[in-house]
Amino acid sequence: MRLGVLDVGSNTVHLLVVDAHRGAHPTPMHDDRSVLRLAEHVGEDGKLSKAGEKTLLNAVLRAKQQAAEQRCDELLAFVTSAIREADNGAAVLRRVREQTGVDLQVLTGEDEARLTFLAVRRWFGWSAGRLLVLDIGGGSLELATGIDEDPDVALSVPLGAGRMTRRFLPDAETGGRPDLKALAALEEHAADVLAPVGRKLRAAGEPDLVAATSKTFRTLARLAGAAPSGAGLRTPRGMTATGLSQVLGFVSRIESTALAELQGVSAQRAHQVPAGAVVAQSAMRAVDVTSVRICPWALREGVILRRMDQLEGA
């Protein structure tokens, strides 16, 4: 069957269309994304602005039309931290449903961690043994570990690259160079938040394989020397703690406008790279690992795989 997955995140609205059937991996057939930065439309009152709601509505209508053009049998649509945390999020979703017919489901942070873990497990297989997964989004950081397809521990903390940029590095948001004192403050904050998380994950058992996923980790790995996307999806990619430290030293001393011109860096997300690097380094330190493998599958693939499992069970 042909499935469409609509992922409304803090940074982007992303439609992925795949062909999938029992015993086969999901084959991408169509991929489209719009950079909305919905989290930036949430005001001091905690509410998504009218302008933010309008951009979301238009993006959902566009995605629905594309899914119809692609002849999707089903459209799986969900939202993550930006809408989940907005005080008027439920009302916004109700209006979107009434005007588009698309029912956006709210995923909790733990849902995100579990579904991403499932995708990474299927990608690396049972030979990976005990798996530890790190996933940096725009609003939150998800971490999970386990030996099965459902993790023993699945956690989410508000350390997304976009959220931390807005809070600690406003200079980077406007195209400038990150303030080094602000970076140090972010590092201290991330370490405090991750200390209990790291203890819980380490107590679950020593991982045989540590995997990282998300645009942030892929960008950092590329800056550290990993193969470009043109090398193919199945090309092995990884990043060491030493390589990440070198990347952090570099991106903390360059304007985000200049960073955006580098290969492998998205112009729309360049300003979030320094904060993402600090969070990535803090997460690796918290779980005491010296390297990660980069996994191309993440939350969207996890949603697809879970749905296919449900259909096969039925």
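Details of the structure are given in the entry above.
All chains use their own residue numbering, which begins from 1 and follows the written sequence. With the structure being a predicted model, the display of local features is reserved for residues of pLDDT at least 70 and the display and counting of side-chain atom pairs for 80 or more, all residues being used for whole-chain, interface and lining totals. Neither water nor hydrogens contribute to the side-chain values; these are computed over all heavy atoms in the structure.

A. Broad picture of the pattern of salt bridges. Salt bridges are defined as contacts in which a side-chain nitrogen from Lys or Arg sits within 4 Å of a carboxyl oxygen from Asp or Glu. Inspection of the entire model under this criterion finds 16 salt bridges. Its salt-bridge partner being E187, residue R285 comes within 2.9 Å of it at the nearest N-O pair. Highlighted residues: R285 in helix α11 (residues 273-286) and E187 in helix α7 (residues 180-203), separated in sequence by 98 residues. Each residue gets one of three labels from its accessible area relative to the maximum for its type: buried under 20%, exposed over 50%, partly exposed in between, using a 1.4 Å probe on protein chains only. Since its relative accessible area comes to 30%, E187 is described here as partly exposed. If you follow the salt bridges from partner to partner, you end up with E110, R114 and D150 in one network. The way it works is that DSSP assigns letters per residue, a run of H or I at least four long becomes a helix, a run of E at least two long becomes a strand, and they are numbered from the N terminus.

B. Geometry of the nonpolar core. For our purposes a nonpolar core is just a set of buried Ala, Val, Leu, Ile, Met, Phe, Trp, Tyr and Cys residues, chained together by side-chain atoms within 4.5 Å. Formed by 49 residues in total, the largest nonpolar core has its most connected members in L141 and L194. Between two residues, a contact is recorded if the distance between any of their heavy atoms is within 4.5 Å. Apart from the residues within four sequence positions on either side, L141 is in contact with D135, I136, L155, S156, V157, L159, G160, L194, V279 and A283. Ranked by size, the runner-up nonpolar core spans 25 residues in total, among them L6, V8, V13 and A77.

C. Looking closely at the sheet that holds strand β4 (residues 74-79). The criterion for strand pairing is that DSSP finds at least two bridges linking the strands in question. Read across the sheet, five strands follow the order β3-β2-β1-β4-β5 without closing on themselves; strand pairing throughout is mixed. The open sheet has two edge strands, β3 (27-35) and β5 (105-106), and neither has a second partner. Here eight bridges tie strand β2 (residues 12-19) to β3, and the two strands are oriented antiparallel to one another. In the sheet register, L15 faces β3, and the bridge partner there is D32.

D. How the structure looks around the environment of L299. Note that L299 resides in helix α12 (residues 299-313). Placed 184 residues apart in sequence, L299 and L115 show a C-alpha to C-alpha distance of 5.8 Å. If near-sequence neighbours (up to four positions away) are discounted, L299 is found in contact with F78, T80, L107, E112, L115 and T116.

E. Quick look at the environment of E187. Considering only alpha carbons, one finds E187 and S229, 42 residues apart in sequence, at a separation of 29 Å. Beyond its immediate chain neighbours, meaning those up to four positions away, E187 contacts V278, Q281, S282 and R285.

F. Examining the pairing of β4 more closely. Examined bridge by bridge, strand β1 (residues 2-8) and β4 share six bridges and lie parallel to one another. Within β4, the residue paired with V8 across the bridge is V79.

G. The sheet that holds strand β9 (residues 209-213), seen in detail. Pairing in this open sheet of six strands is mixed, and the strands run β8-β7-β6-β9-β11-β10 from one edge to the other. The sheet is open, and its two edges are formed by β8 (153-157) and β10 (238-240), each paired on a single side. Neighbour-to-neighbour, the strand axes of the sheet open up by a mean angle of 20 degrees, direction not taken into account. Note: β10 against strand β11 (residues 291-294), three bridges, orientation antiparallel. Note on β11: the bridge partner recorded for M239 is V292. Across the sheet, helix α4 (residues 109-124) lies against β6 (131-136), β7 (141-146), β8, β9 and β11, angled at about 55 degrees from β7, the strand it touches most. For every element, the axis is a line fit to its C-alpha atoms; helices are fit only across the contacting stretch, and the angle between N-to-C directions ranges from 0 to 180 degrees.

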